[in-house]
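Structural overview
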Amino acid sequence: NEQIADLISLPDHDIKQVEEYLTSKSGQFCDVLIKRSIHHDYILVDTCAAQAGVILPNLNLSVYQKEGTNVQILRSSMMMDLSENLFLLGVPQELHQFIAGIHGVTDAPMHLSRVGANIDVSAPWLPTDKELTIPEMLTYFGVDNSGIKESTYTANNGQVRQSVVEFNNAAFSAQSLATFQKKYGIPGNPIKKIIGTQTTTEESLEASLDVQTITGIAQNVVTWDFVFDSTATFVDVVETIMATDDAPKVISCSWGGPESLMTKSAADAANNSLMKLGLSGFTFLAAAGDSGPALNPKNCNDYVAEFPGVSTYVLSVGGTAINKNTNVEGAWIHSSGGFSNYFPRPAFQNAAVEHYLENAPLPPNPNGRYTTTGRAYPDVSAIGALEPVFADGIFMPIGGTSGAAPQFAGIISLLNLHRFQNGLGPLGAVTPALYSLQKGVGHDVTEGQSYATSRAGCQGKYLTGYKAFAGWDPVTGLGSPQYPVLLEQLINLKSN
């Protein structure tokens, strides 16, 4: 953390200017509590609504309620990105030079739901999609967990631990996890630590899917669960992880929402926070989404990327499906992917993405429906159609990149284990390295395509998405994993 702070911390003089202003506005109605972030790159401010109106005179707070829920938040009536219009909030002119953005007062929380929720299609998978059990997945990925004991993982000071991230205080069922593991001959591996609060006893399908899948792929690996409420941002997620002692180095997240519903400054803040995880040796895996290129809910015409799957600093995981008649792995029809409208394409993607753009058939692009210059995603893929989960007392098949992300996370955990045994650290920000592997990541998926759908607001409208293609493509990324292929190429890779 100290090394990262040296790289990205703001000048102490600049921070103090803002802190002194905040302190001067404390006490009329309540105190203003000020805390610098771990890396001193932003300030956290905690106060009551009345005092917030003293700090920002033009705030005009109102109560907003999330439709269909009891979740309420306080936000300004100016629901806009004010990063370049600080004067509208009444921020003194002399402080403008020190402030890049103010979040949590004008921007609505990202509409976080599991990326596979409410898919606007009549059938989320094809009749030919094959249902795979955990043992069948392990065989397909070339993973062998035999001979690996729990003591191997717990004696390494946290270097080989893994975790899932849940929002909406989503709770997994410990009993369902135990039943699932027994069913598939997985060594009993309960979740060792929960950071946050599961405020409901109702079992979340997403949370149970996450913990069952990641412990099924990387068996015996110590597994945690980070739990956040419905108003948390990815800045909050990163701050919590970085402040936690011995936090797992592999983090899987299957929650997200349309990039277009975030303000640009809020998206940049979240993206930069995820960068800090990579710099600290974490691998953050994000489900790409389950809406194909996804129609923008604001106009039902443009393609929109899913965040955090499209973040520059995550390993983005798309979905595939295996044809039960031919056993050929193809693109899962609802695997999200495409290009960011916020983040530029990183240099490590250029060759792979340009190959696709120059050689693959692209979907129609009337009136600039999509751009191809932004961050391209997903990076890789795993099984997105018909994997098992045990919830609410029954086994059921489920589709979604929600399951693909913890599958690939388990693969990364096992790679980290073998690296630790060779005296090396975790893979960390491994995404750039995957684009330079001579033998690829395993299966290069070249069959199938995605379809653009919307998660809300554009019912009944579906557009042709992207086609799977040799090399990288915006449906399956670089392909799905073959563990021996990845192990051979990454076992001695310098830690990122």
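Residues numbered from 1 in each chain as written. Predicted model: local features only at pLDDT ≥ 70, side-chain atom pairs only at ≥ 80, totals over all residues. Heavy atoms only, no water.

Once that is clear, we can look at the overall build of the chain. In terms of helices and strands, the chain carries 13 helices and 23 strands. Here the chain holds 496 residues, and 55% of them are scored as buried. By sequence separation, contacts in the chain at least 24 residues apart represent 80% of the contacts at least 6 residues apart. A total of about 19,800 Å² of accessible surface is found on the chain, and carbon and sulfur atoms cover 51% of it. (Helix = DSSP H or I, 4+ residues; strand = E, 2+ residues; numbered from the N terminus. Buried < 20%, exposed > 50% of the residue type's maximum accessible area, 1.4 Å probe, protein only. Contact = heavy atoms within 4.5 Å. Areas by Shrake-Rupley, 256 points an atom, 1.4 Å probe, with all protein chains shown as cover.)

Taken as a whole and assessed by the stated rule, the structure comprises 20 aromatic pairs. Note on Tyr 303 and Tyr 370: the rings are 5.4 Å apart at their centroids and 10 degrees apart in plane angle, and the pair reads as stacked. Remark: Tyr 370 occurs in the loop between helix H10 (350-359) and strand E16 (374-377) and Tyr 303 occurs in the loop between strand E11 (283-287) and strand E12 (306-307); sequence separation between them is 67 residues. Tyr 370 matches Tyr 303 in its accessibility class, with the two residues each being buried. Clustering of aromatic rings is evident, with ring pairs tying together Phe 167, Phe 228, Phe 234, Trp 255, Phe 284, Phe 307, Tyr 342 and Phe 343. Above the face of the Phe 395 ring, Lys 183 is positioned so that its terminal group lies 5.4 Å from the ring centre. The ring of Phe 282 carries the charged tip of Lys 249 above its face, separated from the ring centre by 4.2 Å. (Phe/Tyr/Trp six-rings, centres within 6.5 Å; stacked < 30°, edge-to-face > 60°. Lys NZ or Arg CZ within 6 Å of the ring centre and 35° of its normal.)

Turning to the nonpolar core, a few remarks are in order. Counting residues in hydrophobic clusters, the biggest one holds 98 residues, and the most contacted among them are Phe 167, Phe 284, Ile 412, Leu 434, Trp 472 and Leu 486. A per-element tally of this core places helix H11 (residues 401-421) first, with eight residues. Those residues in contact with Leu 486 that sit more than four places away from it in its chain are Phe 408, Ile 411, Leu 415, Leu 434, Leu 437, Val 441, Pro 481 and Ile 491. Counting 16 residues, the second-largest nonpolar core is a separate cluster that includes Tyr 21, Val 91, Leu 95 and Phe 98. (Core = buried A, V, L, I, M, F, W, Y, C linked by side-chain atoms within 4.5 Å.)

What follows concerns the environment of Glu 354. Relative to the helices and strands, Glu 354 resides in helix H10. With 18 residues separating them in the primary sequence, Glu 354 and Thr 372 have C-alpha atoms 9.3 Å apart. Here the side chain of Glu 354 touches Arg 345 through a polar contact of 2.8 Å, side chain to side chain. (Polar contact = N/O pair within 3.5 Å; in protein donor to acceptor, adjacent residues only side chain to side chain.)

Further remarks concern the side chain of Ser 335. For Ser 335, the location among the structural elements is in the loop between strand E14 (329-331) and strand E15 (338-344). Judged by its relative accessible area of 0%, Ser 335 is buried. Here Val 475 takes part through its backbone oxygen, which lies 2.8 Å from a polar atom of the side chain of Ser 335. With residues up to four places along the chain from it excluded, the contact list for Ser 335 reads Gly 289, Gly 292, Gly 318, Gly 319, Thr 401, Ser 450 and Val 475.

By the definition in use, this model includes one disulfide. Disulfide partner of Cys 30: Cys 48, at an S-S distance of 2.1 Å. For the disulfide bridge between Cys 30 and Cys 48, the dihedral angle about the S-S bond is near -105 degrees, and by the sign convention the bridge is left-handed. One end of the pair, Cys 30, is in the loop between helix H2 (12-24) and strand E1 (33-36); the other, Cys 48, is in the loop between strand E2 (43-46) and helix H3 (49-55), with 18 residues separating them in the sequence. (Disulfide = S-S within 2.5 Å.)

Our focus in this paragraph is the confidence of the model for the chain. Per-chain confidence: the chain averages 88 in pLDDT, with 90% of residues scoring 70 or above. Note on residues 115-123: pLDDT is under 50 here. Beyond four places in sequence and across chains, it has 29 contacts. (pLDDT = per-residue confidence, 0-100.)

Here we take up unusual backbone geometry. Look at the link from Phe 307 to Pro 308: it is a cis peptide, with omega at 10 degrees. Here Tyr 377 and Pro 378 are connected by a cis peptide whose omega angle stands at 5 degrees. With respect to the element layout, Pro 378 can be found in the loop between E16 and strand E17 (380-383). In this structure, Asn 60 is a non-glycine residue whose phi angle is positive, near 55 degrees. Examined against the element boundaries, Asn 60 turns out to sit in the loop between H3 and strand E3 (61-65). Not every positive phi belongs to a glycine, and Asp 246 is a case in point at roughly 55 degrees. Mapping Asp 246 onto the fold places it in the loop between helix H8 (234-242) and strand E9 (250-253). Judged by relative accessible area, which is 48%, Asp 246 ranks as partly exposed.

We now examine the side chain of Ser 413. Structurally, Ser 413 can be placed in helix H11. You can call Ser 413 buried: its relative accessible area is 0%. Look past the residues within four positions of Ser 413 in its chain and what remains in contact with it is Val 160, Arg 161, Gln 162, Ala 218, Val 221 and Val 250.

As a further point, take helix H6 (residues 174-183). Given 3.6 residues per helical turn, the α-helix brings residues three or four places apart onto the same face. Within H6 the residues assigned to the buried category are Ser 176, Leu 177, Phe 180 and Gln 181. For H6, the arc enclosing every buried residue in end-on projection is 130 degrees, short of the 170-degree limit, so these residues lie on one face. For H6, exposure combined with an orientation more than 90 degrees from the buried face picks out Ala 174, Gln 175, Lys 182 and Lys 183. Capping of H6 at its N-terminal end is provided by Ser 173; its side-chain oxygen lies 3.4 Å from the backbone amide nitrogen of Gln 175. (Arc of directions from axis to C-beta.)

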